Amino acid sequence: YGTISNKLKTFGAEIYFEKFFYSYFKYSLSNSFINQKSYIGSKRFNGPSHLNYFIKTFIQYNNPTLFSLSFVYLTRPGTFVNTVERAEYNQDLNVYYPIFSSDYFNNQLPAYNRFDVSFSKFIRLKSLSVATFISLNNVFNNKNAMRPIYSRDYQSFQYVAISE
């Protein structure tokens, strides 16, 4: 019997741009690229976090005497998951068990999108300082897929959304 070697190799790069303007404003934009490959035996597959892009844009107003307000938007393709080709029924146990595809990480989840807003204010009193803030994550309530959940017989599935 031969030895099966499983490896996960990841290479990434990021481009980042930042600009300050009108004394209190800051804008940034970044794009990351992640080339992830999974080697199982002698075969090569995209890894679960193989991302052609991961874009983050950020704009902030920060005036220490007034307040700070920021907006952040993230987008990236969905991660890769293994799919079920079929299911076999075990009559003795009255259960189906999945037979997964031999092509690993062969299905990509829908794209991930998120828009966040945060507000903060620093208040100085005579002998006390207070930092107040509010952070709203996933403002538009995008149902970003985390993984597929299959029906009992594995004939259909739906995506489970990430709760944020």
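Structure first, text after, so check above.
Undergrad: Would you mind going over the pattern of salt bridges with me for this structure?
TA: Enumeration according to the criterion identifies three salt bridges in this entry. Note that R86 is salt-bridged to E88, the shortest N-O span being 3.3 Å. The exposure class of E88 is partly exposed, given its relative accessible area of 29%. Across the pair D116 and R114 runs a salt bridge whose closest N-O atoms are separated by 2.8 Å. Each member of the pair, D116 as well as R114, carries the same accessibility label: buried.

Undergrad: It is not clear to me how the side chain of S68 should be interpreted in this structure. Could you clarify?
TA: Looking at the secondary structure, you find S68 in strand 5 (residues 67-76). When sequence neighbours within four positions are dropped, the list of residues in contact with S68 reads Q60, Y61, N62, S118, F119 and S120.

Undergrad: Would you mind showing me how to read a nonpolar patch on the surface here?
TA: Judged by side-chain polarity, F119, I134, L136, V139 and F140 come together as a nonpolar surface patch covering roughly 470 Å² of accessible area. Mapped onto the elements of the fold, L136 is located in strand 11 (residues 129-136).

Reading guide: rules and limits
Residues numbered from 1 in each chain as written. Predicted model: local features only at pLDDT ≥ 70, side-chain atom pairs only at ≥ 80, totals over all residues. Heavy atoms only, no water. Salt bridge = Lys/Arg side-chain N within 4 Å of Asp/Glu carboxyl O. Buried < 20%, exposed > 50% of the residue type's maximum accessible area, 1.4 Å probe, protein only. Helix = DSSP H or I, 4+ residues; strand = E, 2+ residues; numbered from the N terminus. Contact = heavy atoms within 4.5 Å. Patch = residues over 30% accessible without salt bridge, like charges linked within 9 Å, V, L, I, M, F, W, Y side chains within 5 Å. Areas by Shrake-Rupley, 256 points an atom, 1.4 Å probe, with all protein chains shown as cover.

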